[in-house]
Structure formats: C-alpha cells, structure tokens
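Here's the letter readout for the chains.
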Amino acid sequence: MNIIQVQLDKIIPYARNPRVNTQSAVDKVKSSIHEFGWQQPIVVDKEYIIIAGHTRYLAAKQLGLSEVPVHVAENLTPAQIQAYRITDNRSAQESKWDDELLKIELFDLKSMDYDLGLTGFDAVELGEFFKQDEEDIIKESSSEEIDTDSFEMDHKCPRCGFEYDD
C-alpha cells in the first residue's frame with residue numbers, strides 16, 4: 001500500500017456519499033488526529049474522489065490542514081469502488097462492544113490519568129458506564145448481606161479511582 005501526502009484542496013468528496021457525517025463525529029476525529037496524528041489515510045480513486053474517509057476529510061478541513069495522507073486505490077474497478085464505499089461504513093455497524101473488556105480498558109486508561117474523552121465516549125456516556133459499574137458493586141455487596149441503607153456512594157470506582165458526578 002502506497003501512502004502519499006496530498007494537498008487537501010485536491011481531494012474531492014464523493015457527491016453521492018450515503019453516509020451522513022455529524023459534527024459530533026467530525027469533532028471526535030479532530031480530537032483523534034490532534035492526539036494521535038494521522039494513523040489511517042483517506043482512500044481515494046485515481047481522480048482523488050474519496051472512497052473512504054469523508055469524516056477524516058471534514059476533520060482535516062476544520063483543523064485547517066493543507067496536506068493529508070492518502071492511499072490511491074488504483075487497483076479497484078468502478079463497481080468495487082462503489083461497493084467499498086458502502087462496505088467500509090456498513091461493516092462498522094455490525095460490531096458491538098464487549099462491555100467487560102471495554103470496562104477493563106477504560107479503567108486502565110483512567111488509572112494512567114489519561115483523558116477518557118479522547119476515547120470517543122462523551123462525559124454522559126462515561127458517567128453512565130461508571131454508574132452501572134457502581135450499581136453492580138452495590139448488588140454484589142447486597143448479596144453479602146451488607147446494610148445498603150447506610151451505604152454511602154463516594155462516586156469513585158474502587159478499581160481505578162475514576163470519579164464522576166451524579
């Protein structure tokens with residue numbers, strides 16, 4: 001795979017892109033590019049029309065970047081290009097989270113004092129996630145016959161120390 005730097009104004013968004021990019025998604029990609037740099041190029045055809053990477057393209061524009069990494073998919077037929085545009089987005093919808101493994105990963109990041117907002121989850125989602133963990137702790141404690149009426153929640157994860165507001 002050959003990745004080259006291309007002037008952003010040379011890249012053309014696909015006019016019939018069926019995937020809608022929300023500002024929230026663009027903001028998350030902007031944060032990702034800022035924190036991690038470019039780790040995934042925009043994929044274009046021979047005319048520099050975007051095949052995959054519309055959100056990265058919009059993020060780059062909003063960041064004021066002049067050049068971006070690009071992979072020119074020269075080996076695809078027009079039908080393959082059209083199908084790949086759809087497949088690239090559709091396949092992500094088939095994935096789901098393993099909540100237990102996600103919990104471990106988030107707790108690890110929090111214990112390293114890493115900004116969890118850079119994971120793409122917003123404060124409300126993280127608060128709900130850690131609140132659920134707190135509720136599980138209460139259930140476990142209840143089964144051990146602890147008086148939960150006098151149990152005060154300190155809104156802090158016992159494993160990683162993450163604190164959140166109710």
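Residues numbered from 1 in each chain as written. Predicted model: local features only at pLDDT ≥ 70, side-chain atom pairs only at ≥ 80, totals over all residues. Heavy atoms only, no water.

A few points about the pattern of salt bridges
What counts, and what does not: We count a salt bridge whenever a side-chain nitrogen from Lys or Arg sits within 4 Å of a carboxyl oxygen from Asp or Glu. A simple rule labels every residue: compare its accessible area, found with a 1.4 Å probe on the protein chains alone, to the largest value its type can have, and call it buried under 20%, exposed over 50%, or partly exposed in between. The helix and strand labels rest on DSSP assignments: H or I over at least four residues marks a helix, E over at least two residues marks a strand, and numbering proceeds from the N terminus.
Evaluated as defined, the whole model comprises three salt bridges. In this structure, R90 engages E94 in a salt bridge whose closest nitrogen and oxygen atoms are separated by 2.7 Å. Among the residues examined, E94 registers a relative accessible area of 55% and is labelled exposed. Among the salt bridges present, the one from E100 reaches K103, with a minimum N-O distance of 3.7 Å. Remark: K103 and E100 occur in helix α4 (residues 99–111); sequence separation between them is three residues, near one turn of the helix.

Observations concerning the sheet that holds strand β1 (residues 3–7)
As a reminder, the rule being used: Note: two strands are recorded as paired if DSSP finds a minimum of 2 bridges between them. Angles shown run from 0 to 180 degrees and are taken between the N-to-C directions of axes, each axis being a line fitted to C-alpha atoms and, for helices, limited to the stretch in contact. We call two residues in contact when some of their heavy atoms are within 4.5 Å.
Strand order across the open sheet formed by four strands is β1-β4-β2-β3, with mixed pairing between neighbours. Of all strands in the sheet, those with a lone pairing partner are β1 and β3 (50–52), marking the two edges. If you compare each strand with its neighbour and ignore which way they point, the axes differ by 50° on average. As paired strands, β1 and strand β4 (residues 67–72) are joined by five bridges and run antiparallel to one another. The residue of β4 that forms the bridge with I4 is V70. Sheet strands touched by helix α2 (residues 54–63): β2 (42–44), β3 and β4. Its angle to β3, the strand with the most contacts, is close to 120°.

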